[in-house]
Amino acid sequence: MAMLEVTNIGISFGGLKAVDDFSVSIEKGQLYGLIGPNGAGKTTVFNLLTGVYKPDTGTILLDGSNITGKRTIEINQEGIARTFQNIRLFKDLSVLDNVKAGLHNHYKYSTMEGILRLPRYHKVEKAMNERAMELLKVFDLDQEADYKASNLPYGKQRKLEIARALATEPKLLLLDEPAAGMNPNETAELMETIRFVRDKFEMTILLIEHDMKLVSGICEKLTVLNFGQVLTQGDTSTVLNDKRVITAYLGE
Amino acid sequence: MKKNKVLVQNSITYAIVIACWILMQLLSATGHVSSLMKGLMVPLCIYVILAVSLNLTVGILGELSLGHAGFMCVGAFAGAFFTKCMEGVIPSVGLRFFFALLIGAAVAGLFGILIGIPVLRLKGDYLAIVTLAFGEIIKNLINVMYVGLDSNGFHFSIKDTTSLGMEDAGVVIIKGAQGITGTPKAATFTIGIILVLITLFIVLNLINSRAGRAIMSIRDNRIAAESIGINITKYKLMAFSISAALAGVAGVLYAHNLSSLAATPKNFGYNMSIMILVFVVLGGLGNIRGSIIAAVILTALPEMLRGLNNYRMLIYAIVLIVMMIFNSSPKAIEMRSVFMERFKKHKTTAKEAA
Amino acid sequence: MSFLSYLINGISLGSIYAIIALGYTMVYGIARMLNFAHGDIIMVGGFAIFTIVSTLNLPPLLGILVAVVVCTLLGVTIERVAYKPLRGASSLAVLITAIGVSYLLQNVALLIFGSNARQFTSVITVPNLKLAGGKLSISGVTIVTILSCILIMVGLLLFINKTKTGQAMLAVSEDTGAATLMGIDVNRTIATTFAIGSALAAIAGALLCSTYPSLTPYTGSMPGIKAFVAAVFGGIGSIPGALIGGVLLGVIENLSKAYISSQLSDAIVFSVLIIVLLVRPTGILGKKITEKV
C-alpha cells in the first residue's frame, strides 16, 4: 500500500482546467519530486492535496484512508503537513512558539487549565518546550529559539517552516519550492537537511522544485506536470533524460 | 529563560496596578484626593478593563472591532436587570453585585458567540463596520425595550409601559429609553481594581498558553495556521467571546456605579467603542500594559485639562493626531531609529573614552 | 399615495447618503483608508453656508460656492497634514488619525459656534411640486436633492472615464505601485480625490441642512456613519455601488420609520447591512477578493 495514492484528480477555475487527470503514487519513505514549467499547476496540486481546493474529480488516499474533499485542518490531522512557496511563518511569534503552534494538536490541555495555570498546564508546556527544542536542534535553530520569527535570515525561515510542519507529526510532508531564493551553498545544506529529515523521521516527502540540481540530487522519483497534465513520471534519471521534458522546459 | 521573561513582564504589570491602588489608598487616607479624582477612580477601572479586553480582539486576534461598547451595554443591562430582579431574593447588595458580574459576563460572552459566528467570516474593514452596526443595533433595541415583573412573571413590550399589561403591584424594570433606575451604587475603587486584576489574569494567562498561541498564529497567518491543524473558527470565537465577556464585566461595573442606567450614544454608542480602540492602538497592539497606561492617561488627560474648559477636547484631538503621526509614520520611525543609533554610538564612544 | 411620498423622501435622503458615500468610496478606493472625518466635512460645509447666508445675509448660491471652496481646501489640507505622513503605515493608525481629525473638526466648530443647534435657512427656493391633483406633494428640496445626485453621479462617471486625471485615479486604485511606474503622480492623484470628495461633502451639507434645518457641531457624524454604511453596502470602492447603497439605505430608513418604528429605523438599517454583507461579503457591487495560497 502506497503512502499517498492519488487517482485522476482534477479541478477547473472558470472553465480553465488548472489540473486535469492527475495521478501519482508515493511509497512510504520516498523522496518524490513534482516538477514542471511555471504555471503548470504544481502548487494547485498541493492545494488540492491539502484541502485548500476541493477536487472536482478523482480521489486522494493517504495511508489507505480517503481524504478527498476534507477540510485543511482535517487533512493535517490525518497526516499531511506542508510549507509554502512564499514563506508563511507566524512572524510576530518567537521561533519556539512557531514550532509549539505546530504541536497544538498533539500536546493538549484545556483553555481553562491554561488560564488557571493548573498542574497540567505546567506539565504539558514543559513537554512541549522539550519537544520543540528537539525539533529546533535538528534544524540548527535552537540558538535562535527566542528570536522573533521575522528576524531570522531567509534560509533559516525556510527551515523553521519545515520544523513547524514536522511538529504536526505528519505522515507526508509537502515542500513547495524549499530552495527558492537560496544561494548554492544554502541549497546544498538544505538538500542535506531534507535527506536527514527523511531518514530520521522516516518521512515521506513530496516536493516542488525548480532547482534541477536539488531535484536530481535527492529525489528518487519524479512527476513532470505541464499545462495541468502529467507529462511523464518515473525514476529521476529516466525522466530528466526524457526528450519531452526537455522540450517542455526549453521549448522546441 | 523565555518563560521567565514573560513571568517578569506580567508581574510588573500586576505590580503597577496594585501600586496604583496602594497609592490611591494612601492619598485618600491623607485627604489628598479631590472629589473629582474620586469620581474618576471607578470609571478608570472600567476603561482599563475595556481596553485590555478589546486588545484581545484587536491586538491578539488581529480583528478590528468597533462594537466593543455594545458588549459593555449588554453586560451593563444584564447585570443591572439581575440586581433589580433579585432585590427581594438576595438582600445583600455585595452578593447581588457579585452574581450580577457573573451574569453580565455570561450574557455578553453569549452575545459575543452569537454575533461572532456569522461576523467573524468577514475581514478587515468589513468586520469593523459590521461590529459597529451590531453595537448600534444593541443600543437601539435596548432603547425601545420595556420589561416589567409582577406575580405572573415577566412582561415584555417594545411600545410603552402600559402595553406591558401588568398588575398594579408590578414593577417596571427596563423602561425604554429611560433604562433601568434605582440600581444600588455597589461599585468601589477596590472592587474595580480587583476586577482589573482578574481581567489581566485571564487575558495574560490566555495569551501565554496553548489557546493564546493558536489565536496569535491565526492573526499572523491564517492559511498557515489552518495548515498545521488549528481550528480557526473555534479560536477566533474564543478570543472574541472572552473579549466580549470582559467588556460585559466592565458594563456591570458601570451600571453599579450609577443609580440610573440608560443606553445613550455617549456611553454605549460607537463613539465609546472608538475611544476604547484609541486606548488600544496608542498603548500598542497586543501590548496589554500599554493598554492600561493609555487608558489611564487618556482618561485622566481631559479631566486634568478641565481648567482649560472648552479647549480640552481640542487639545486631546491634536495630541491624538500628533501621537499617531509620531508613532506610526514611516518617516518618523526612520528618524527615530537614526536618532537612537546616534545616541547609542554616542554612548559607546563615551564609554570608550572613559 | 402616502407610500409614494415616503418612497420619494427616502430616495431624497438616500441621494444625500449617496453623495457623501461617494467621498468615502473614492478615498477608500484610492488611498485604502476609512476617512472617518468625512462626515464632519459636511458639518463644516453646513456652517460655512450658515455663516454666509444667515449671519452675513449674502445670497445662498454664494454660500454654497464658499462652502465648496472651504471644504475642498480643508479636505486637501487634512490629507496633506494628517494622512500623507502616514502613507505606508498600518490602516489602523490611519483610522485612528482620521478619528482624531474628526474630533478636531467637531471641537473647533464647538468653540466657534457653540453647542446649541443653529436654525439653518434652506438654501433651496424651488417651489413644491403638486401631483395627482394635489394629493402628492413633493418638496422643492427633494427634487433638487435627487436631481443633484443624478447630475453628480453622471458628472463623476464622465470625469473618471473621460479625463486623464480620472484615468489616473482608476490606475492608482487598481495598483498604486504600477501606477507610479507608469509615471502617475500618486500624491497628486490622492490629493485630487480628497478635493473632489470634500467638495461633494459641501454639497451634501447644503442638501442635508436644507432637508433637516438644524445645525450642530455633531450634525455630520451620524449621516457620515450612515453614508459609510451605504458605501460598504454598495461595495466600497465602487461609484455605482455608492449610489445604489445610498439610495437603498435612505429608502429602507424612511420606510421603516414610516411603517415599523421610528426608534428602530437605525437598527433595521444596520441589520440589513449585516445581512447583505453576510450574503455578499464585499457588498452589492464589490469585487470579490481571493487570497492566493
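Further up the page is the structure itself.
Residues numbered from 1 in each chain as written. Chains lettered and ligands numbered in written order. Predicted model: local features only at pLDDT ≥ 70, side-chain atom pairs only at ≥ 80, totals over all residues. Heavy atoms only, no water.

Trainee: With reference to specific residues and values, describe the overall build of chain A.
Mentor: Of regular secondary structure, chain A possesses 10 helices and 10 strands. In terms of its C-alpha atoms, chain A occupies a principal-axis envelope of roughly 65 × 40 × 35 Å. Across the 252 residues in chain A, those meeting the buried criterion constitute 55%. For chain A, restricting intrachain contacts to residue pairs at least 6 apart in sequence, the fraction spanning at least 24 positions comes to 65%. Summed over its atoms, the accessible surface of chain A is roughly 10800 Å², and 50% of this surface lies on carbon and sulfur atoms. Once the 30 positive and 33 negative side-chain charges of chain A are each reduced to a mean point, those two points are 4 Å apart. (Helix = DSSP H or I, 4+ residues; strand = E, 2+ residues; numbered from the N terminus. Buried < 20%, exposed > 50% of the residue type's maximum accessible area, 1.4 Å probe, protein only. Contact = heavy atoms within 4.5 Å. Areas by Shrake-Rupley, 256 points an atom, 1.4 Å probe, with all protein chains shown as cover. Lys, Arg positive; Asp, Glu negative; His and termini not counted. Charge placed at Lys NZ, Arg CZ, Asp CG, Glu CD.)

Trainee: Outline a nonpolar patch on the surface, supporting the account with residue identities and numerical values.
Mentor: A surface patch of nonpolar side chains, about 440 Å² in accessible area, is lined by B:Leu308, B:Tyr311, C:Val108, C:Leu111 and C:Ile112. Structurally, C:Val108 can be placed in helix α4 (residues 91-113). A relative accessible area of 34% places C:Val108 in the partly exposed class. (Patch = residues over 30% accessible without salt bridge, like charges linked within 9 Å, V, L, I, M, F, W, Y side chains within 5 Å. Salt bridge = Lys/Arg side-chain N within 4 Å of Asp/Glu carboxyl O.)

Trainee: Describe the side chain of B:Ser273, with residues and values.
Mentor: Residue and element names in this part refer to chain B. Locating Ser273 in the fold gives a position in helix α11 (residues 270-283). Using a relative accessible area of 1% as the deciding quantity, one classes Ser273 as buried. Engagement of the side chain of Ser273 in a polar contact is seen with the backbone oxygen of Leu66, the distance being 3.2 Å. With residues up to four places along the chain from it excluded, the contact list for Ser273 reads Leu66, Gly67, His68 and Ala69. (Polar contact = N/O pair within 3.5 Å; in protein donor to acceptor, adjacent residues only side chain to side chain.)

Trainee: Any chance you could break down the interface of chain C and chain B for me, citing the residues and the numbers?
Mentor: Each partner contributes to the interface: chain C provides 44 residues, whereas chain B provides 46 residues. Inspection of the region where chain C meets chain B yields 0 salt bridges. Where chain C meets chain B, there are 3 residue pairs in polar contact (both at pLDDT 80 or more). Broken down by element, the side of chain C that touches chain B gets its largest block of residues, 13 residues, from α4(C). Taken together, the residues of the side of chain C that touches chain B sort by class into 33 nonpolar, 8 polar and 3 charged. (Nonpolar A, V, L, I, M, F, W, Y, C, P; charged D, E, K, R; others polar.)

Trainee: Tell me about the packing of helix α5 (residues 119-138) of chain A against helix α7 (residues 184-201) of chain A, residues and numbers included.
Mentor: The packing of two helices is summarised by the inter-axis angle and the distance between the axes. Residues and elements named next belong to chain A. Two elements in contact, α5 and α7, have axes separated by 11 Å at closest approach and are oriented at 135 degrees. Looking at the two axes, α5 sits oblique to α7. For the pair α5 and α7, the contacting residues are Arg131, Leu135 and Val138 in the first and Phe196, Lys200 and Phe201 in the second. (Axes fitted to C-alpha atoms, helices over the stretch in contact; angles between N-to-C directions. Parallel < 35°, antiparallel > 145°, perpendicular 65-115°, else oblique.)

Trainee: Which residues make up helix α9 (residues 232-255) of chain B, and what values go with them?
Mentor: In this model α9(B) runs 34 Å from its N-terminal to its C-terminal C-alpha over 24 residues, within 8% of the 34 Å that 1.5 Å per residue would give. Buried residues dominate α9(B), accounting for 22 of its 24 residues. (Expected span 1.5 Å × (residues − 1).)

Trainee: So, helix α6 (residues 154-167) of chain A: which residues are in play, and what are the values?
Mentor: Spanning 14 residues, α6(A) covers 20 Å between terminal C-alpha atoms, matching the ideal 20 Å at 1.5 Å per step. In terms of burial, α6(A) is largely enclosed, as 12 of its 14 residues are buried. Listing the buried residues of α6(A) in full gives A:Gly155, A:Gln157, A:Arg158, A:Lys159, A:Leu160, A:Glu161, A:Ile162, A:Ala163, A:Arg164, A:Ala165, A:Leu166 and A:Ala167. Residues of α6(A) that are buried sit in contact with β6 (80-82), α3 (95-102), α5, β7 (172-176) and α7 of chain A together with α8 (222-227) of chain B. At the exit of α6(A) stands A:Glu169, carrying a positive phi of roughly 50 degrees.

Trainee: Kindly report on empty space enclosed by the protein, identifying the contributing residues and their values.
Mentor: Empty space among the atoms becomes visible once a probe the size of a water molecule is rolled across them. Residues and elements named next belong to chain B. Overall, the coordinates contain 3 cavities of 30 Å³ or more when judged by the stated rule. Within the residue set of the lining of the largest cavity, elements represented by two or more residues are α3 (68-85) and α5 (124-143). By residue number, the principal contributor to the lining of the largest cavity is α5, which donates 4 residues. Class assignment of the residues belonging to the lining of the largest cavity gives a composition of 4 nonpolar, 5 polar and no charged. Roughly 40 Å³ of volume is contained in the second largest cavity. (1 Å grid on protein atoms, 1.4 Å probe; cavity = no way out; pocket = protein on both sides within 12 Å on 5 of 7 lines; lining within 4 Å. Points joined across faces, edges and corners; volume = space filled by probe spheres on them.)

Trainee: Report on the interface of chain B and chain A, specifying residues and quantitative values.
Mentor: Accessible area lost upon the coming together of the parts is a frequently used measure of interface size. Each side of the interface is counted separately: chain B has 30 residues, and chain A has 36 residues. Between chain B and chain A, a total of about 2900 Å² is buried, with carbon and sulfur atoms accounting for 59% of that surface. Counting the surface chain B buries against chain A, the share from its top three residues, B:Arg210, B:Arg213 and B:Ile228, is 28%. For the pair chain B and chain A, the number of links is 2 salt bridges. Across the pair A:Asp97 and B:Arg213 runs a salt bridge, and its minimum N-O distance is 3.9 Å. Along the contact surface separating chain B from chain A lie 16 residue pairs in polar contact (both at pLDDT 80 or more). Going through the elements one at a time, α1 (2-29), α6 (189-207), α7 (210-220), α8 and α9 of chain B are the ones with two or more residues in the side of chain B that touches chain A. At 8 residues, α7(B) tops the list of elements feeding residues into the side of chain B that touches chain A. Of the residues belonging to the side of chain B that touches chain A, the class tally is 15 nonpolar, 8 polar and 7 charged. (Buried area = accessible area lost by both parts, 1.4 Å probe.)

Trainee: So what about the side chain of A:Arg164? Which residues, and what values?
Mentor: With respect to the secondary-structure elements, A:Arg164 resides in helix α6. Beyond its immediate sequence surroundings of up to four residues, A:Arg164 is in contact with A:Phe84, A:Arg88, A:Leu89, A:Phe90, A:Asn98, A:Gly102, B:Ala224 and B:Ile228.

Trainee: How would you summarise unusual backbone geometry if you had to cite specific residues and measurements?
Mentor: One can expect most non-glycine residues to show negative phi and most peptide bonds to be in trans. Residue and element names in this part refer to chain A. One non-glycine residue, Asn8, lies in positive phi territory at about 50 degrees. On the secondary structure map, Asn8 appears in strand β1 (residues 4-13). On the basis of relative accessible area, Asn8 is assigned to the partly exposed category, the value being 37%. Unlike most non-glycine residues, Asp140 shows phi in positive territory, near 60 degrees. Structurally, Asp140 can be placed in the loop between α5 and α6. For Asp140, a relative accessible area of 47% corresponds to the partly exposed category.

Trainee: How would you sum up the pattern of salt bridges? Please name residues and give values.
Mentor: Residue and element names in this part refer to chain B. Evaluation of the coordinates by the stated rule reveals 25 salt bridges over all chains. A salt bridge links Glu136 to Lys139, with the shortest nitrogen-to-oxygen separation between them at 2.9 Å. In this pair, Glu136 and Lys139 are both assigned in helix α5, 3 residues apart and thus about one turn of the helix distant. With a relative accessible area of 9%, Lys139 lands in the buried category.

Trainee: So what's going on with the state of the cysteines? Residues and values would help.
Mentor: All names here are of chain B. One pass over the structure, following the stated rule, counts 0 disulfides over all chains. Here Cys45 is not cross-linked by a disulfide; its sulfur's nearest cysteine counterpart is in Cys20, at 9.3 Å. With a relative accessible area of 4%, Cys45 lands in the buried category. (Disulfide = S-S within 2.5 Å.)

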